[in-house]
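Descriptive structure summary
Single-letter residue listing:
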Amino acid sequence: MRTVVTWKDKSDQCIYDLTFKPDGTQLIVAAGSRLLVYDASDGTLLQPLRGHKDTVYCVEYAKDGKRFASGSADKSVIIWTSKLEGILKYTHNESIQCVSYNPVTHQLASCSSSDFGLWSPEQKSVSKHKANSKITCCSWTNDGQYLALGLFNGVISIRNKNGEEKVKIERPGGVYSPVWSICWSPSREEHNDILAVADWGQKLSFYQLSGKQIGKDRPLNFDPCCISYFTKGEYILMGGSDKQVSLFTKDGVRLGTIGEQSSWVWTCKVKPDSNYVAIGCQDGTIVLYQLVFSTVHGLYKDRYAYRDSMTDVIVQHLITEQKVRIKCKELVKKIAIYKNRLAIQLPEKILIYELYSDDSSDMHYRVKEKMVRKFECNLLVVCADHIILCQERRLQSLTFNGVKEREWQMESLIRYIKVIGGPPRREGLLVGLKNGQILKIFVDNLFAVVLLKQATAVRCLDMSATRKKLAVVDENDTCLVYDIHSKELLFQEPNANSVAWNTQCEDMLCFSGGGYLNIKASNFPVHQQKLQGFVVGYNGSKIFCLHVFAMTAVEVPQSAPMYQYLEKKMFKEAYQIACLGVTDTDWRELAMEALEGLEFETAKKAFTRVQDLRYLELISSIEERKKRGESNNDLFLADVFAYQGKFHEAAKLYRRSGHESLALDMYTNLCMFDYAKDFLGSGDPKETKMLITKQADWARNIHEPKAAVEMYVSAGEHAKAIELSGDHGWVDMLIDIARKLDKAEREPLLMCARYFKKLDHPSYAAETYLKIGDLRSLVQLHVETHRWDEAFALGEKHPEFKDDIYVPYAQWLAENDRFEEAQKAFHKAGRQKEAVKVLEQLTHNAVVESRFNDAAYYYWMLSMQCLDIAQADPAQKDTMLNKFYHFQHLAELYHGYHAIQRYTEEPFSFHLPETLFNVSRFLLHSLTKDAPLGISKVNTLFTLAKQSKALGAYKLARHAYDKLQGLQIPARFQKPIELGSLTIRSKPFHDSEELVPLCYRCSTNNPLLNNLGNVCINCRQPFVFSASSYEVLHLVEFYLEEGITDEEAVSLIDLEAPRPKQGSKWQEISSNNSQALRLDETVDPVGDTDDPFTAKLSFEQGGSEFAPVVVNRSVLRSMSRRDVLIKRWPPPLQWQYFRSLLPDASITMCPSCFQMFHSEDYELLVLQHACCPYCRRRIEEPGP
């Protein structure tokens, strides 16, 4: 540290106080009764301020720079503006000793001998507070919350903003140690407020806001008159009776003297945010000093040690950016660092530190030796076991114990010294002298070796890694490089202030100067870039640069020297430079240049660095080929050019090396088809076709499919063209291709057809199948697209496809819930098993779902299906006929039970009571021991009971209720049945005569419940029931005599032979004026019993066997066609003949199912359903 006087002035009055304006432009000085305003930069007196009548003891500027205050022995305080105008004045009862502005609120504290006052611009009056001793000094905390007062009796009183005492610090010296100056630390880094106290007990002390003392009192050996901090609190200034200003650390360690004076120093202040110090003395001297803090540091490779806060040493690892701080608590004068050693010179000793471990990244130091002795030296160097001291011309080597081992006397002043390494105790030193001599000294050798001598003084030195070259910077800022062995000057460069060799590369050095960094490789031109500071080290790609007080590691890409080597085709040297640090682009350029130069080893390393596997594979393949004996460099270089994208150069080399096919493959693989055609010229047509195909493949890959299709067609690759068109859905292109193809090209046409089907264009697919004559595929197409009409039409022309059409059609119908149509389709296709299976499933479902009307219909269809099978397959005739009768019976049962089910399950019934009565009787007579699935005897008996009671058949009703008692009755019928069973007891025990059924063959009245079933109890003739009302119809079935065929019988019936007329008892009498009828009872009726059929109805009374009515030809001839109903069953069944005994009561028979109805009932039902209620034949449909 050194001081420079900036300006100086002398007043004829004592200077008790001074203050800087916060922006540092003005200095306000209290001189006698005046205030002197100086320009802080050059000491010009701007203006004297007169306002006080007596000596001014104190002056203070507010932090905002708007006003300042002065206090005087005339007991007054004056507030001045920054324009040097007095705006306010107030007084105390005693002389003003000190003033201080609050740094936050700008409240002014003014202290006199007996009290202190607090004033702020918004207050009208000054609030004053008494003090029990004379106040000598005051200071506000950083946050403006507390004011510290220093008293003459040695006490420190800490007050809040309202003047109330919060902390009182009583010091050991008491009245014998008056507190003369105090100041709060402005540091923002401290966690607690720190108060520095200087007293006339000649001590410096530090306190916390709580009153707790920090550390011990520090002796001063003089009476302090003033104390102040630097702006950031890093240093303390103190002046007093020792007639000088001393610089202390913030911890109170004395660092040195700023300026010695001829009288007491009453005040000293630091210019804000600078290193300028103003001093005011007893004799009126005013001085502004500039403090210059010199850089104390040391560097060895990547470790840099420097002084911080004057008493600390920071060691920085320039690569990892790690830092470690060593606190010495004394002024650090010199620093030296070498390998694992660190030497620190303090005022009275030298400390030797060593690293804890040999780890290159270890940053933990410990004290190895202490050399307690005062040393005077210009330069300090540390070795493994020695300290080297440089004083003017003399070098001394001392052990760590302080024993001097050797001494060297130089011819001239030593300007530069550096350790250049070597084994322990035998290290070498490089020394540069002012007379231009450069020496090498070994620690263990008394004799210095002169390396060379130049005409100019040495400023900086460095030796290359292999110690073959020496770089020197002289006093003319010239960098000179010598060959150490030959002493030859290799080259020199101007504008250099420092130089450093690269520790990893022999031929590279860098030097700085003129704001530029210069890098030189071998004998190539210098590469420059802007950089402020001094170069002190060069390691790989990092250049260590010292700028002002900061050491930085600058990452410098070595691109420029690498390219210089590349230009000379010096690939290995360029690779070494690149290893020091270049960008990825530079590595790639090196790799490419080496590859083109066929320097494969260097290229491989460079490509490995940038992780380019493609080129590494190329190099590997070339090396393999070389091992196999290939030596054609043109071919290798052609491959390299092809990889680099230099295709035309590659093609020329391929042609030159006799490998035209490789050039052609390259162009086609790159889809450069025009170049390929030019290269090929008018060559082989096969090659041209191959090119077009490859071009089409390329167009396909780059998503230009239309162009690809056209190319495929022109190249004759129809399959690829069809596939591409089909995948993109281009039907127009597909049909064009299909129509252009010959019908013999079956495979491409089939592909077209498949795509037409996939793209939902069946008409084009059909056209294609017709072109190649593939009828089976055409049928399959119609079936898949459900174009059944076209399929049926094709099936008519080609019966062999019948199964292929109707079976899928039936399956399609079944999948779409059109089971009845599906059954018919199966039947039509000849798949009887499937047809029967569908019907059986439909029937079962209908029964389970209680759709008994549908169940009846499906059973009827099943019976007819069985009849068809019996007709078609004689082997199954008997089985199928048995099934036919069974299903016919079930159909009749379910058809009747439908009415019962609706009556019992639904709230309203559409059937007449008589119908329900007849149906329930019919069912009870028809049911065998086990009722079919779904038919409930409970429902049937319940219906019979209710309807019998309603119609007057009380006996039958009672019988039904009795039967119900033996059955399991659902809960919902429990109460109605119990109630009905009770109420029927009140009715007479007989049935209404009107309800008794009559046998139309023997005219016998049959009981309502017949044990024989639905036959007459007398003649055993089966009853014929209406399929709607279930009344017994007036029909009698008759059979033909043997020998009479059905056709003959029908023809005989159609003859209708006339019968003899009956005699009439009525006679008509006519006269001129009137007509009259007269009953003549004398006339006998003739031929009343002449009907041959009626005669045939006779039977043997009391017989248990049924005797059918058999008629001969004469009887048939006597019958009327309208009286006979014929069930014309298909073979193998016989026709059934029925004779109506009441011709006037019309009966209609359905021509499909042969069920009988009263004509009126049938017509009504047909009008309601538009079909037969039993077999659901539409009215317009013909019968079987």
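As the structure is a prediction and not an experimental result, all values here were calculated from the model.

Side note on the overall build of the protein
When helices and strands are counted, the protein shows 30 helices and 63 strands. Every one of the 1184 residues in the protein was classed for burial, and the buried ones make up 51%. For the protein, the proportion of contacts with a sequence separation of at least 24, taken over those separated by at least 6, is 43%. With an accessible surface of roughly 57600 Å², the protein has 48% of that area assigned to carbon and sulfur atoms.

Concerning the packing of aromatic side chains
Under the criterion given, the structure shown has 26 aromatic pairs. When the ring of Phe884 is compared with that of Trp1129, the centres are 5.5 Å apart and the planes differ by 85 degrees; the resulting orientation is edge-to-face. Highlighted residues: Phe884 in helix H22 (residues 877-905) and Trp1129 in the loop between strand E60 (1124-1127) and strand E61 (1136-1140), separated in sequence by 245 residues. According to the relative accessible area criterion, Trp1129 is buried, its value standing at 8%. A centroid spacing of 5.0 Å and a plane angle of 40 degrees characterise the contact between Phe1157 and Tyr1162, whose relative ring orientation is tilted.

Some words on the sheet that holds strand E29 (residues 297-300)
What the four strands build is an open sheet, ordered E29-E30-E31-E32; its pairing is antiparallel. The open sheet has two edge strands with one neighbour each: E29 and strand E32 (323-327). Each neighbouring strand pair of the sheet contributes to a mean axis angle of 15 degrees, computed without reference to strand direction. By the bridge criterion, five bridges tie strand E31 (residues 312-317) to E32 in an arrangement that is antiparallel. Paired with Val313 across the two strands is Ile326, which belongs to E32.

Structural notes on the environment of His959
Residue placement: His959 occurs in helix H25 (residues 954-965). Looking at His959, the relative accessible area reads 33%, which means it is partly exposed. Each C-alpha atom of the pair His959 and Leu1009 lies 9.4 Å from the other, and the pair is 50 residues apart in sequence.

Examining the packing of H22 against helix H24 (residues 937-951)
At a minimum axis distance of 10 Å, the contact between H22 and H24 shows a crossing angle of 75 degrees. Classified by the interaxial angle, the pair formed by H22 and H24 is roughly perpendicular. Touching Tyr897, Ile900, Tyr903, Thr904 and Glu905 of H22 are Asn939, Thr940, Phe942, Thr943, Lys946 and Gln947, all from H24. Looking at the contact of H22 with H24, its residues break down into four nonpolar, five polar and two charged.

Here's the deal with the UniProt feature "repeat: WD" (unreviewed entry) in the protein
In this structure's numbering, the residues bearing the UniProt feature "repeat: WD" (unreviewed entry) are residues 49-80. This span, residues 49-80, is 0% helix and 59% strand, and a straight line between its end C-alpha atoms measures 10 Å.

Side note on the sheet that holds strand E14 (residues 135-140)
Spatially, the four strands line up as an open sheet ordered E14-E15-E16-E17, and their pairing is antiparallel. Looking along the sheet, the strands with just one partner apiece sit at the ends: E14 and strand E17 (165-170). Between one strand axis and the next, the sheet turns by 20 degrees as a mean value, whatever way the strands run.

Quick look at the nonpolar core
Within the largest apolar cluster, 59 residues are counted, with the highest numbers of intra-cluster contacts made by Trp860, Tyr894, Leu1035 and Met1156. Within the residue set of this core, elements represented by two or more residues are helix H21 (852-872), H22, helix H23 (913-926), strand E62 (1147-1149), strand E63 (1156-1158) and helix H30 (1159-1169). Looking at this core element by element, the count peaks at 14 residues for H21. Apart from residues lying up to four places away in sequence, Trp860 is in contact with Gln888, Ala891, Ser1152, Cys1153, Tyr1174 and Cys1175. Within the second largest apolar cluster, 48 residues are counted, among which are Leu355, Tyr365, Val431 and Leu433.

Concerning the packing of helix H1 (residues 559-567) against helix H2 (residues 571-580)
The interhelical angle for the contact between H1 and H2, taken along N-to-C directions, is 170 degrees, at an axis separation of 8 Å. By the angle class used here, H1 and H2 are roughly antiparallel. Between H1 and H2, the residues in contact are Pro561, Met562, Tyr565 and Leu566 and Phe571, Glu573, Ala574, Ile577 and Ala578, respectively. A per-class count over the contact of H1 with H2 returns eight nonpolar, no polar and one charged.

A few points about the environment of Gln968
Counting through the fold element by element, Gln968 comes out in the loop between H25 and helix H26 (971-983). Each C-alpha atom, one on Gln968 and one on Val938, is 7.8 Å from the other, the two residues being 30 residues apart in sequence.

Focus on the pairing of strand E24 (residues 244-249)
For a regular strand, side-chain orientation follows a simple rule: the groups alternate between the two sheet faces. Among the six residues of E24, six are classified as buried, and the element is accordingly described as predominantly covered. Covered by surrounding structure in E24 are Gln244, Ser246 and Phe248 together with Val245, Leu247 and Thr249, the residues of both alternating faces. As paired elements, strand E23 (residues 235-240) and E24 share five bridges and run antiparallel to each other. Residue Tyr235 lies in a different strand from E24, and its bridge partner there is Thr249. Where E23 hands over to E24, the hairpin turn is made up of three residues, of which Lys243 adopts a positive phi near 60 degrees. Two elements, E24 and strand E25 (residues 254-260), share five bridges in a ladder whose sense is antiparallel.

A closer look at the side chain of Gln345
Note that Gln345 resides in strand E34 (residues 341-346). Note on Gln345: relative accessible area 2%, which makes it buried. Reaching out from Gln345, the side chain makes a polar contact with the backbone oxygen of Phe375 at a distance of 2.9 Å. Beyond its immediate sequence surroundings of up to four residues, Gln345 is in contact with Leu331, Val332, Lys333, Lys334, Ile350, Phe375, Cys377 and Leu380.

Considerations on the environment of Cys866
Mapped onto the secondary structure, Cys866 falls in helix H21. In this structure the C-alpha to C-alpha distance between Cys866 and Phe884, which are 18 residues apart in sequence, comes to 5.6 Å. In this structure, Cys866 is in contact with Met880, Lys883, Phe884 and Phe887, ignoring residues within four places of it in sequence.

A short note on the side chain of Lys1127
As for its position among the elements, Lys1127 is in strand E60. In this view, Lys1127 contacts Trp1135, Gln1136, Phe1138, Met1149, Phe1154 and Met1156; residues no more than four positions away in its chain are not counted.

Some details on the pattern of salt bridges
Opposite charge on two side chains lets them pair, provided their charged atoms get close. This model, assessed by the stated rule, comprises 23 salt bridges. Arg1121 is the salt-bridge partner of Asp1054, the closest N and O atoms lying 3.2 Å from each other. Taken together, the residues span a long stretch of sequence, with Asp1054 in helix H27 (residues 1046-1055) and Arg1121 in the loop between helix H29 (1113-1118) and E60 at a distance of 67 residues.

Here we look at helix H3 (residues 584-596)
Counting along an α-helix, one turn takes 3.6 residues, and residues three or four places apart therefore face a common direction. The terminal C-alpha atoms of H3, which comprises 13 residues, lie 18 Å apart, in line with the 18 Å expected from a rise of 1.5 Å per residue. Just downstream of H3, Leu598 is the residue with a positive phi angle, here 60 degrees.

Examining the pairing of strand E26 (residues 265-270)
Buried residues dominate E26, accounting for five of its six residues. The pairing of E26 with strand E27 (residues 276-281) spans five bridges and is classified as antiparallel. Looking at the pairing, Val270 lines up with Val277 of E27. Two successive antiparallel strands, E26 and E27, enclose a turn made up of five residues, where Asp273 displays a positive phi of approximately 55 degrees.

Quick notes on the rules
Residues numbered from 1 in each chain as written. Predicted model: local features only at pLDDT ≥ 70, side-chain atom pairs only at ≥ 80, totals over all residues. Heavy atoms only, no water. Helix = DSSP H or I, 4+ residues; strand = E, 2+ residues; numbered from the N terminus. Buried < 20%, exposed > 50% of the residue type's maximum accessible area, 1.4 Å probe, protein only. Contact = heavy atoms within 4.5 Å. Areas by Shrake-Rupley, 256 points an atom, 1.4 Å probe, with all protein chains shown as cover. Phe/Tyr/Trp six-rings, centres within 6.5 Å; stacked < 30°, edge-to-face > 60°. Pairing = 2+ DSSP bridges. Axes fitted to C-alpha atoms, helices over the stretch in contact; angles between N-to-C directions. Parallel < 35°, antiparallel > 145°, perpendicular 65-115°, else oblique. Nonpolar A, V, L, I, M, F, W, Y, C, P; charged D, E, K, R; others polar. UniProt positions renumbered as here; feature names shortened; annotations may be inferred. Core = buried A, V, L, I, M, F, W, Y, C linked by side-chain atoms within 4.5 Å. Polar contact = N/O pair within 3.5 Å; in protein donor to acceptor, adjacent residues only side chain to side chain. Salt bridge = Lys/Arg side-chain N within 4 Å of Asp/Glu carboxyl O. Expected span 1.5 Å × (residues − 1).

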